[in-house]
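# Geometric and topological summary
What follows is the residue order along each chain.
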Amino acid sequence: MNKFIKKLNKISIKLLYNMYNIKIEKINILYTKNYNYGDISIIISSIFCLKDKEKKKFGIYLGNYIIKKFKKYIYKYNFKNNFLNFFLTNYFYIEIINKFLKLNFNINKFINDVNNNNKLIIIDYSSPNTNKPLHIGHLRNMLIGNTISNIYYELGYKVIKSQIINDRGIHICKSIVSWKLFFNGITPLSYNIKSDHFVGKLYFKFEKELNKEIKNISYKYNINNEKAKKLSKLLIIVNDELVKWENNNTNSIYIWKMINLWAYKGFKKTYNALNIKFDEIIYESKTYIIGKKIINKGIKNKIFFLDKDKSVYFLFKKKKIILLRSNGTSLYITQEIGTLIYRLKKYKKIHLLIYVVGNEQIYHFNILFEIVKKINLSIKNNNLFHLSYNSVNFLGKKIKSRYGKNIIFIDDLIDKMYINVIKKFKEKKKKYNNKKKILKLISIGAIKYQFIKINPNKIIDFNFDKCLELKGNTGIYIQYTYVRIYSILKKNKNKYFIIKKKHINLIKKNEKDILKNIIEYPNIINKSAYKYDPSIFTNYVYDLSKKINVFYQNNKIINIKNIYKKNIRLIICNIILKFLDKSMKILGIPIIKKI
RNA sequence: GGUCACGUAGCUCAGAUGGAUAGAGCAACUGCCUUCUAAGCAGUUGGUCACAGGUUCGAAUCCUGUCGUGAUCACCA
């Protein structure tokens, strides 16, 4: 289809030059939105150097010329409001259908313009802290990351799905201290809860105690919270713990390892439930040392500076950005620099490194990219991209996960959705036996779809009623579409045959709408990739499904006598199934063959 | 205050490179299961595209300003 439009473009430009001696590079051609006007439109009014009378003259001439040249594909044109509209022949669509049949329904061969020479793209997403379970903020992150990875893979890139685990830092020390002080000797087993949820308990307990202590101090000495923090004993203990940890203290490392293992074990279960996968896992506890080394080197090269109190800083827009604390321990940005260098060593040539991280860290990434510019690495700034997305709010407020309040864990959401799906299934269909697996897949699809259909720049104001909705534009709509088509093809025993010219009038509007949609697939996938927006592709899949359901509901497919008509419809069903299959895999919506 | 997002139907959201009469879903109200799976289909109702200017043949889309919402500006991550 793109080729066809390019041809039209070329001819229009050439003709314009021949007639008026006007040279332009491109003419505006688009799919006609209103089918009453046509299928493809050339916007003559965009040639602004022509006068109105000349536009009409040129338009009609061009129309006649094109219709003669492409008799096979175009049968009619009209000229309205300076738009030159063409109507596509049925042959145009039949050719597509026959092509699929000849290619034995191999979509990749049909699309045929995925070719990016295996360029390497690293997509960094999820990056959990090991101090609490994964929550719906992580969910948005991992779904954007996973989907955008699949989209780039589809475009022929070599994609590394990369997860960094923030397994070190002050927050982990809080859990360590909490375990020592309040939970000594207790394990997830003794509490009988999922191990990462136990780790969360440690962290929230610490924050609660810290909060209490600070309130007491500020009341006692009549000072504000900031000043009270400096007097907090708990914070002193935690900072000591961090120094101990960075100095490889045996006891510290032992507890740290134990707590992290609990966290990983829990994360793994959640990832498995959602079918989120990674090609590599990087532990910051291993890369922060590389970061420290680079920073020390940078002091010598006068990129970074040593302050009076021995902290190290970087100047960003005349502001001091601390890279190493005065006690020598490292910060988030230190680890980030280390991780980048680790990657550059591991992979020789990185075409693009995408960080999927929330928009609250835009400032942080601006600093990081500025540092990269200064320390002269083998990667340039325009090969780094921060894919930022907006927050997931609950009850109208951003989730502050500190105290464990107002926080929704993915595990809990999955459970709730599953119960909801079972309930709705029982309301609709009476028999409920051994459908557990399928209902589980429906609930996973439903959750994922709710998140990826929304543009990353928008705030998601999470609420259960909305999220549990299973009508209309939802995951199950896509799954159900697949089930219907699959069911038809399973029942069919006829063989397909090439459509002959004399049968071209058997193809109708509903079928054409689907085919029109399908030939746009490569454009959409490209757009979704370069805009870093999975929702573009998601909405396309919904749109396609909608057209399929219209077609399905308004046309009989198997139970018709005309074998030629039946043949056309069955082939289209086959095409649909292949595209749905591919699309759902990209979106990570589980495919179900029977409900 | 600086920077960055966002503002489209009662609600949730689509509207790429400016194009013709701004589209879906939910909610409300009508129809359609003896016929390939009704979590569906067909239809009705619902809009000053936050506001004001500008750019041009043409603006929800681009530019400027105003208002509103949110994020961010840490020896947190």
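Provided above is the structure to which this section pertains.
As a starting point, this report considers the structure included with it. (Residues numbered from 1 in each chain as written. Chains lettered and ligands numbered in written order. Predicted model: local features only at pLDDT ≥ 70, side-chain atom pairs only at ≥ 80, totals over all residues. Heavy atoms only, no water.)

### A few points about the environment of Ile-121
Relative to the helices and strands, Ile-121 resides in strand β5 (residues 120–124). In this structure Ile-121 touches Tyr-152, Tyr-157, Lys-158, Val-159, Ile-160, His-351, Leu-352 and Ile-354, once residues within four positions along its chain are discounted. (Helix = DSSP H or I, 4+ residues; strand = E, 2+ residues; numbered from the N terminus. Contact = heavy atoms within 4.5 Å.)

### Describing the packing of aromatic side chains
One pass over the full model with this rule turns up 42 aromatic pairs. Pairing Phe-105 with Tyr-496 gives two aromatic rings, centres 5.8 Å apart and planes at 75 degrees, and the pair type is edge-to-face. Of the two residues, Phe-105 is situated in the loop between α3 (90–102) and α4 (107–111) and Tyr-496 in the loop between α18 (475–491) and α19 (509–518); the sequence distance between them amounts to 391 residues. By relative accessible area, which is 8% here, Phe-105 ends up buried. The interplanar angle of 75 degrees and the centroid separation of 5.1 Å between the aromatic rings of Tyr-271 and Phe-278 together place this pair among those described as edge-to-face. A connected cluster of aromatic rings, assembled from ring pairs, spans Phe-4, Phe-70, Tyr-73, Tyr-91, Phe-92 and Tyr-93. The lysine or arginine in question, Arg-168, covers the ring of Tyr-288, its NZ or CZ lying 4.5 Å from the ring centre. Cation over ring: Lys-440 sits above Tyr-418, and NZ or CZ is 4.5 Å from the ring centre. (Phe/Tyr/Trp six-rings, centres within 6.5 Å; stacked < 30°, edge-to-face > 60°. Buried < 20%, exposed > 50% of the residue type's maximum accessible area, 1.4 Å probe, protein only. Lys NZ or Arg CZ within 6 Å of the ring centre and 35° of its normal.)

### Here's the deal with the pairing of strand β3 (residues 74–80)
Pairing geometry for β3 and strand β4 (residues 83–88), over six bridges, is antiparallel. Looking at β4, one finds that Asn-78 is bridged to Asn-85. (Pairing = 2+ DSSP bridges.)

### A closer look at the environment of Val-159
Structurally, Val-159 is set in strand β6 (residues 158–165). Classification of Val-159 by relative accessible area gives buried; the value is 13%. The spatial distance from the C-alpha of Val-159 to the C-alpha of Ile-214 is 47 Å, given a sequence separation of 55 residues. Contacts of Val-159, omitting those with residues within four sequence positions, involve Ile-121, Ile-123, Ser-149, Tyr-152, Tyr-153 and Asp-279.

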